[in-house]
Each structure stands twice: as structure tokens, then as C-alpha cells.
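Spelled out, the chains give:
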Amino acid sequence: MKQFVMALVMFVSYLILIICVLVGVAFVTLLERKILGYIQIRKGPNKVGFIGLLQPFADAVKLFTKEQTVPVKSNFLPYYASPVFSLFTALIVWLVIPYEVGMMNLNMGVLFFLCCLSLGVYSTMSAGWASNCKYSLLGSLRAVAQTISYEVSLALILLSFIFLVGGFSLELFNLYQESVWFLWVTLPLALIWFASCLAETNRTPFDFAEGESELVSGFNTEYSSGGFALIFMAEYASILFMSALFALLFLGGGPSSPLFYAKLVGVSFAFIWVRGTLPRLRYDKLMGLAWKSFLPVSLNYLIFFMGHKNIMLLFYDLVYN
């Protein structure tokens, strides 16, 4: 009976979490449109509901009630499954955040995050391929190449911190940042992580997966109504998660602290601010940045942390043994 109650509590907790993330996604879209509006000296959405607060829900109703169109020669099953799988991976990755009540704490949270990050590539690839459209396929190929390139830097940065904190659990990051944030200790890594997150979530200036001016909207060209809405929701859920992870890795504090959510909103604001400020990079510059700049810096930091940890352990042995 006790196990059943615990399982029920966990199920309800995750259900509430998913609902909160989806509502958060709705309001992040509103926040983005408002911020971009003020950056461009206009108001943004302000008609539907009080100061435009109901706009995201109106958009959701509009998208999900539109007629679903299917390309005649598309590969039906992967075409339909890709947006669903994309949203699924964007939501399941929230399991790694170390909640203190009613949730499981993953001891291998960092590995789980990297696995979910890698899975996101397949939904993009299958969406582009199954549409049976050359523009979608080109967009998905570019998106996959970009995502894989920046995943290397993300993995190396995480590996550096694994050496630093001595474990794969994200709870350790909260413990080690009680006195000083990792942001001040490893500022270059934080900047590389943020830029890589922009590339991972296909945001400006790395939004080649959805470059309207270049590839007719990229891998989601053939999607409309519900399918497009699911891809859109997955992208914004990833932005929210990457903001939460940045706050956890570099700004200290856990989900039990109200300040953590203020940091999360601050990082999400930075994502939007970058979109309103920077122009899109050229594709070869984007790949050069990943392989010629980010990769050497993150590798050097990894070697530095490994050496630092070994020296500290050697010193500890000499002093106390």
C-alpha cells in the first residue's frame, strides 16, 4: 500500500510538472513577443485579454483547430510521429532537475540529459526526411550537423564539471555553489555553454534549422496546425529547460528556492534578447565557431580540471596520510 501511494504521488507530481512546463511555454512565447515588440519600438500582443495575457491560449486554439494537411507522397508514420517524439524528449528531460519533494533524484542525471539531448536529433531528421520535400530534407540535414557539432562542446563542459564536483548528480552542483557561483570561477565556460545552448535549441543567431529567408522554414516546411504547434512547443520547452540547467550549473540554488525561478526567467530573457539583437551567422562561420573555437577551449578546460583534481587529491594524501 505504501509503495502504491508513493507511486501515485510521483505520478501526480510529474503530471503537475508537465502541465506547469506547458503553461510556462505558453507564457514564454508571450514574453518573447512582448520583448521583441519593445526592442523594435512597438507594443507586441496587447488586445486578447488583459495586456495580451490570453494571446498564447488563443494561438493554441487556432493552431489545434486548423485543418491538418498531409503531403500526398510523405512517409505517413514518421511524419506524424516526429513532432510527438520531439515534444516527448523535450518534456522527459525535466526529470534530471533535482526536485526535493515527490520526485525521483537521478544519480546519473548528467548522462540522462546527454542521452535526451542526442535523441532530439532523430525527431528533426525524421521530420525533414518523412516530409518528402527537398527543402525540409536540406533544413533537417543542416540542423542535425549543427546540433551534433555543439553537443560535443556541451558534453566536454559537463565532463569538466563532473571532474570538479566528483559525481553525475545535478544535486552536487547545488551543494558546491553555496559559497561561490561557478559562473565567476568558469566565466568562459559559461559563455560557451550559453552560446552552445542557443545552437542546440536552434535560436538566433544559430537558427539555420528554421531560416525562413533561406530554406522556406527549414525542416518544418510541410507541417501545419497541430504538427507545427508540437514542434513549436518542443522548441520553447527546450529553451525553458536549458535556462533552468544554466541556472543550476552556473548560478547555484535548487528548485526549492524562489530565487532559482528568477534566475531561470533571467536566462530565458537573455535567449530572447539575443534574438532581438544579433543577425544570423553564415553557416560555415557557425561550424567554424563550434570546431575551431568552442572545442579547443572546452578541451583545455577539461584537461585543466583533470590536472587540478589530481593535484588536489595528491596534496590531500600527502597532508592527511
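This text follows the structure it describes.
Rules behind the numbers
Residues numbered from 1 in each chain as written. Predicted model: local features only at pLDDT ≥ 70, side-chain atom pairs only at ≥ 80, totals over all residues. Heavy atoms only, no water. Helix = DSSP H or I, 4+ residues; strand = E, 2+ residues; numbered from the N terminus. Buried < 20%, exposed > 50% of the residue type's maximum accessible area, 1.4 Å probe, protein only. 1 Å grid on protein atoms, 1.4 Å probe; cavity = no way out; pocket = protein on both sides within 12 Å on 5 of 7 lines; lining within 4 Å. Points joined across faces, edges and corners; volume = space filled by probe spheres on them. Nonpolar A, V, L, I, M, F, W, Y, C, P; charged D, E, K, R; others polar. Expected span 1.5 Å × (residues − 1). Contact = heavy atoms within 4.5 Å.

1. Re unusual backbone geometry
Now for step 1: In this structure, the amide linkage connecting T204 to the following residue, P205, adopts the cis form with an omega of 5 degrees.
Now for step 2: Looking at where P205 falls in the secondary structure, it is placed in the loop between α8 (187-200) and α9 (212-215).
Now for step 3: Of note, the phi angle at I41 is positive, near 55 degrees, even though the residue is not glycine.
Now for step 4: Relative to the helices and strands, I41 is located in the loop between α1 (2-39) and α2 (55-65).
Now for step 5: The class for I41 is exposed, based on a relative accessible area of 79%.
Now for step 6: Not every positive phi belongs to a glycine, and S225 is a case in point at roughly 45 degrees.
Now for step 7: According to the relative accessible area criterion, S225 is buried, its value standing at 2%.

2. Considerations on empty space enclosed by the protein
Now for step 1: One pass over the full model with this rule turns up two cavities of 30 Å³ or more.
Now for step 2: Empty space within the largest cavity amounts to approximately 440 Å³.
Now for step 3: Secondary structure elements with two or more residues in the lining of the largest cavity: α3 (76-92), α4 (109-130), α5 (134-165) and α10 (225-250).
Now for step 4: The greatest single-element share of the lining of the largest cavity, amounting to eight residues, is contributed by α4.
Now for step 5: Grouping the amino acids of the lining of the largest cavity by side-chain chemistry returns 13 nonpolar, ten polar and four charged.
Now for step 6: Space inside the second largest cavity adds up to approximately 30 Å³.

3. Structural notes on the layout of surface pockets
Now for step 1: The space that makes up the largest pocket amounts to roughly 790 Å³.
Now for step 2: Along the wall of the largest pocket there are 32 residues; nearest its centre are T29, E32, F228, F232 and Y236.
Now for step 3: Its residues assigned to classes, the lining of the largest pocket comprises 16 nonpolar, five polar and eleven charged.
Now for step 4: Estimates place the volume of the second largest pocket at around 450 Å³.
Now for step 5: Around the second largest pocket sit 23 residues that line it, and C20, V21, W94, Y261 and L264 are the ones nearest its centre.

4. Details of α4
Now for step 1: With 22 residues, α4 extends 32 Å from end C-alpha to end C-alpha; this agrees with the ideal 32 Å at 1.5 Å per step.
Now for step 2: Residues of α4 that are buried include every one of G109, V110, F113, C116, L117, V121, S123, T124, A127, G128 and A130, and no others.
Now for step 3: Packed against the buried residues of α4 are α3, α5, α8 and α10.
Now for step 4: Looking one or two residues past α4, N132 carries a phi angle of roughly 55 degrees, positive in sign.

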